[in-house]
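Secondary and tertiary structure notes
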Amino acid sequence: MNRREFVASAAALAAASAYRGLAQTPERSHGFPASELMYEPYAENTPIAEYHWAPASAYEAFQDMKFGIRIHWGIYSIWHRGAESWPFLPMSFEDRQTYNNLYKTWNPAGFDADAWMDAFKESGMKMFAFTTKHHEGFSMFDTRTRVKSRANWTAAGGPKIEPCDLAYSIMETPFRRDIVKELCDAAHKREIKIDLYFSHPDWYDADFRPYVAHPLQIPSSTQWMTQRDVEFTRQRLGNHAAIVPEPTDAGVNRMMERHRAQLVELLTNYGKIDMMCLDMWLGPRVWPELRKTVLKLRQIQPDVMLRDRGIGNYGDYYTPERVVPGSQEASDKPWFTIYPLGTDFSYDPDAAKYKGTEWIVRNLADAVAKGGGFMIGVGPSAHGEFHPEAIRQMKDAGAWLKVNGEAIYATRTREGPLWSEGETVRYTRSKDSRFVYAILTEWPGRQVVLEAVQPKPGSKVSLLGSSAELSWNFDFAKGTTIALPENLQQPDNRPCDYAWSLKFQVVGA
């Protein structure tokens, strides 16, 4: 099969899948939404008996965090041609060969794990997610695993698979420091929770062909992946696929052994890890081995929360991407929206592309009101430094949280439609339901009328960060009217910018 035939074959799969017997996951009354489970139709809806999810205490801690940062950093930051490592796929073969060797001169001397964590702490972030390995296969940690097979993209006669023996990691750069260890150590000191991102596919290691847009495809690619995977691969690769020989059984076993060994390293060598942000997925042929890996991870750190990607209902949480859901998610699985602060999740050199503190605050309030959390994506430069504008916006959000954190952290959504009122009011509640918070994303003027809250008779209504006394009255026909003092009509007299939180002790608490 040549590249043209590979591209054409994917279209035929729209009508006929190589795995007709693998039914799509139906709608569930609980668990992950169906849209989250459609990529792993081969994973059981009900996990096998010996499996268990993270305990309730881990779920509780996850739902208390609310705000964090997602960091994409790797050798793709050197060229910075777009979103993370995805630009590798449309590159010429010559550029692919050059890209795969960039690590030999990479020395990100500006990296300072303590400075990163201090900035996150000041920004009010309770967790960080870091890419230990993105799809292009470069490991940002001291892996002891070895890549044994790779592509020589400029070999005579076209790309060829060649033997090799290297870790393809940060320890083989001039920098020679374990980035993941330094970040985890700094986070543990500051009690910031840790989420380690790990890509299931690996585009450098030829043993991982042909899964999920691997640049090395094989004559029988359509039989190794689901219909959806093949179509995704066709869209990403276009006519840039290289058709190479089928993997051997030994190569497939070596792939799964290395995949498992790297995940074991991440959960063994860096202390307590709160979350594993698994990404993308592998195919039905190797699912039994991947399931064994998940069982192994549970043995090592039973409390770790696993993202659902690639493992379906074996996961603990999920991450709506570049969108805050339009309403409360119809799921009992916890979630964090992930959304880049700039153009993409990796470094953006243009200050004008960063969306602003107001954008952070409003999306954070919206996500938390709906029962989720909000994670902004910010990548450092090739030198290991964040853009000053990103730092400014993050720390400005931290200043807002110093005033309004009580209405965000460790809160829960209100039941039914009570999480919002119009476009400019978002509600949260304390876990014991004693208090309700109304987050106003626009200043209402001299009074605000809220239909969805009834303060306890004789109680106070307060504005977080202000000592001003707010008078209020409740009318069954109209709701609660709160008067806002004259001095607060001047923006400089308000406790913060962007949004303001009213606190109520409510009837029935």
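See above for the structure.
A few points on the structure. (Residues numbered from 1 in each chain as written. Predicted model: local features only at pLDDT ≥ 70, side-chain atom pairs only at ≥ 80, totals over all residues. Heavy atoms only, no water.)

1. Some words on unusual backbone geometry
Of note, the amide linkage connecting R209 to P210 takes the cis form, showing an omega dihedral of 5°. Assignment of secondary structure puts P210 in the loop between β5 (193-199) and β6 (216-217). Its identity as a non-glycine residue notwithstanding, A410 has a phi of 55°, on the positive side. Mapped onto the elements, A410 comes out in the loop between α13 (388-404) and β12 (411-412). (Helix = DSSP H or I, 4+ residues; strand = E, 2+ residues; numbered from the N terminus.)

2. Observations regarding the pattern of salt bridges
With the rule as written, the count across this model stands at 37 salt bridges. Taking the shortest distance from any N to any O, the salt bridge between R146 and D165 comes out at 3.0 Å. Taken together, the positions of R146 in the loop between β2 (127-133) and β3 (147-152) and D165 in strand β4 (residues 160-166) put the pair 19 residues apart, joining distant regions of the chain. Residue R146 is classed as partly exposed on the basis of its relative accessible area of 36%. By relative accessible area, D165 is classed as partly exposed at 47%. With its nearest N and O atoms 3.9 Å apart, the salt bridge here joins R146 to E172. With a gap of 26 residues between them, R146 in the loop between β2 and β3 and E172 in the loop between β4 and α7 (179-190) connect regions that are remote in the sequence. Exposure remark for E172: the relative accessible area of 27% places this residue in the partly exposed category. Each member of the salt-bridge network shares a partner with another, and the members are E60, D64, R412 and K431. (Salt bridge = Lys/Arg side-chain N within 4 Å of Asp/Glu carboxyl O. Buried < 20%, exposed > 50% of the residue type's maximum accessible area, 1.4 Å probe, protein only.)

3. Some words on the side chain of H387
With respect to the element layout, H387 can be found in the loop between β11 (373-377) and α13. Under the relative-accessibility criterion, H387 is labelled buried at 11%. A polar side-chain atom of H387 sits 3.0 Å from the main-chain amide nitrogen of E389. Discounting chain neighbours no more than four positions away, the residues touching H387 are Y347, D348, P349, D350, A351 and Y354. (Polar contact = N/O pair within 3.5 Å; in protein donor to acceptor, adjacent residues only side chain to side chain. Contact = heavy atoms within 4.5 Å.)

Without other data, these values stay purely geometric and don't point to any function.
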